[in-house]
Amino acid sequence: MACLLATVAATTWLEASRDEQAHLVLHTTEALLALEEVEAALHVATASVDARPGSDAGWERRQAAQALDRLEPALARLEVLLAGEPDQAARARALAAALRDVAAPVRVALAALERGAPGVGPPLRGAGLEEVAPATRLVAELEEVERARLVERRAGWRRASVTGAVVFGASTLVLLVLILAAARLVRTEMAARERLSAERAELLTLQQQLMAVVGHDLRNPLAAMKSAASLIARCEAIDDDHREDARRIVSNSRRMERLLRDLLDFSRLRAGHGLPVRPREADLVDVCRRAVSDLGRDAEGRVTVEGRGDVGGLWDGDRLEQVVANLVVNALKYGPGLAPVRILVDGEREGGEVVLAVHDDGGGLPADQHAEIFRPFRRGVSGDAQEQRSAGLGLFIVARIAEAHGGAVAVESAPDRGTTFTVRLPRGRPPAAAPAAAGG
């Protein structure tokens, strides 16, 4: 950019210099033309008057009169052109005075010829060589100076033109080199970005494969562990301490299943595949109760489910269980200890939609975090050590599942009203699941 600006500035200056030299050449040329016109008028006037009057003397007189008429404008023009040059201006003023001294007797001679007999008579001299010589000398001096100046100024104009052409060519060459260097840098950068993009794509593919393998290899042993722990928890031959340990294993197994499912869904979303949704007839209250029941003792006695109106629709029940589970776990984690969590399924709303609301008595979610918590790996602030056990994907998955059903999720939180997560779900068949990029 600096080179370009310098090139523009240099080229502009050289163009101005060349234009100035061209103007000076033109000015000097005009001065020479004015001098030639003055000299021609002087010679015509004096030569015509010196002619012997005869039968056709009128022609000479007309020539002399016309020459005298042209003399004053030519002198005025010459004085204007040489006004900026003191020496030449002084010579021009002296020439004007001398020519006026010559012109006066010429005019007298012309008047005498007009009054004389048109036939024969002696010649009438209006101006001789002695009267014309000073003016002729001044004209010669003026012409000599102006011609020398014209030669000098033409040389300056040529130098300016050549310098401008050289500078412009050199600047163009430098700019071309810079453009080629910039193009090479751009190609290098594009190649680096393409390599980085290919590496990222390969890494993403490996990540997807790894997540698929992990999901497949963890689900089966996790299901077996949960089933075994459930059987042990129902066994009457063990004491209460061992039964509690078995129930804890079941609870943690369920948490691991939810986390594993969230991770697999996040991986799918990040790959741009979208969440698969298989709609069928479902009762949203039954969906909520199954989700709460599957949470085990973590939700026992603290979560209530209430339904109003028609709570049926075409939804993916398994996906909505995932929504309810994530919202309830979030409410149990961030709400006050042992405080109730209320689930309300409202089918009395207008517009053909059902509203699922999960409310807890906590109200510590700042307004500026309402949008942030639906992005991946974002967690609320509870001051509780349990928040470190969260991956921060639950609410992100909730929002994506709601969108896959054609709905939306929102949150309201205030210290005096608690926190409520609201999921709006259309009753009809949801649109095809669109790919959603992770990162919100």
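Above this text is the structure in question.
Residues numbered from 1 in each chain as written. Predicted model: local features only at pLDDT ≥ 70, side-chain atom pairs only at ≥ 80, totals over all residues. Heavy atoms only, no water.

1. With respect to helix α8 (residues 394-404)
Turn by turn, an α-helix covers 3.6 residues, leaving residues three or four places apart pointing in a common direction.
Right, on to step 1. Summarising burial for α8: nine of the 11 residues are buried, a large majority.
Right, on to step 2. Considered for burial, the residues of α8 that qualify are Leu395, Phe396, Ile397, Val398, Ala399, Arg400, Ile401, Ala402 and Ala404.
Right, on to step 3. Against the buried residues of α8 lie α5 (240-270), α7 (317-334), β6 (408-414) and β7 (418-426).
Right, on to step 4. Following α8 by one or two positions, Gly406 adopts a phi angle in the positive range, close to 80 degrees. (Buried < 20%, exposed > 50% of the residue type's maximum accessible area, 1.4 Å probe, protein only. Helix = DSSP H or I, 4+ residues; strand = E, 2+ residues; numbered from the N terminus. Contact = heavy atoms within 4.5 Å.)

2. What about the nonpolar core?
Right, on to step 1. Counting residues in hydrophobic clusters, the biggest one holds 45 residues, and the most contacted among them are Leu284, Ile343 and Leu356.
Right, on to step 2. Mapped by element, the contributors of at least two residues to this core are α5, α6 (284-294), α7, β4 (341-347), β5 (353-360), α8, β6 and β7.
Right, on to step 3. The dominant element in this core, judged by the number of residues it contributes, is α7, at eight residues.
Right, on to step 4. Membership of the second largest hydrophobic core comes to 21 residues, among which are Ala34, Leu35, Leu68 and Leu95. (Core = buried A, V, L, I, M, F, W, Y, C linked by side-chain atoms within 4.5 Å.)

3. Looking at the packing of α7 against α8
Right, on to step 1. Taken N-terminus to C-terminus, the directions of α7 and α8 make an angle of 145 degrees; their axes are 9 Å apart at the nearest point. Handedness of the α7/α8 crossing: left-handed. Across the interface between the two elements, Arg319, Gln322, Val323, Asn326, Leu327 and Asn330 from α7 touch Gly394, Leu395, Ile397, Val398 and Ile401 from α8.
Right, on to step 2. Residue classes in the contact of α7 with α8 are distributed as six nonpolar, four polar and one charged. (Axes fitted to C-alpha atoms, helices over the stretch in contact; angles between N-to-C directions. Left-handed = near helix turned anticlockwise from the far one by under 90°. Nonpolar A, V, L, I, M, F, W, Y, C, P; charged D, E, K, R; others polar.)

4. A few points about the pattern of salt bridges
Right, on to step 1. Scanning all chains against the criterion turns up 14 salt bridges.
Right, on to step 2. Measuring nitrogen to oxygen at the nearest pair gives 3.1 Å for the salt bridge that ties Asp240 to Arg243. Taken as a pair, Asp240 and Arg243 lie in helix α5 at a separation of three residues, close to a single helical turn.
Right, on to step 3. With relative accessibility at 14%, the residue Arg243 sits in the buried group.
Right, on to step 4. A single network of salt bridges, built from pairs that share partners, joins Glu244, Asp245 and Arg248. (Salt bridge = Lys/Arg side-chain N within 4 Å of Asp/Glu carboxyl O.)

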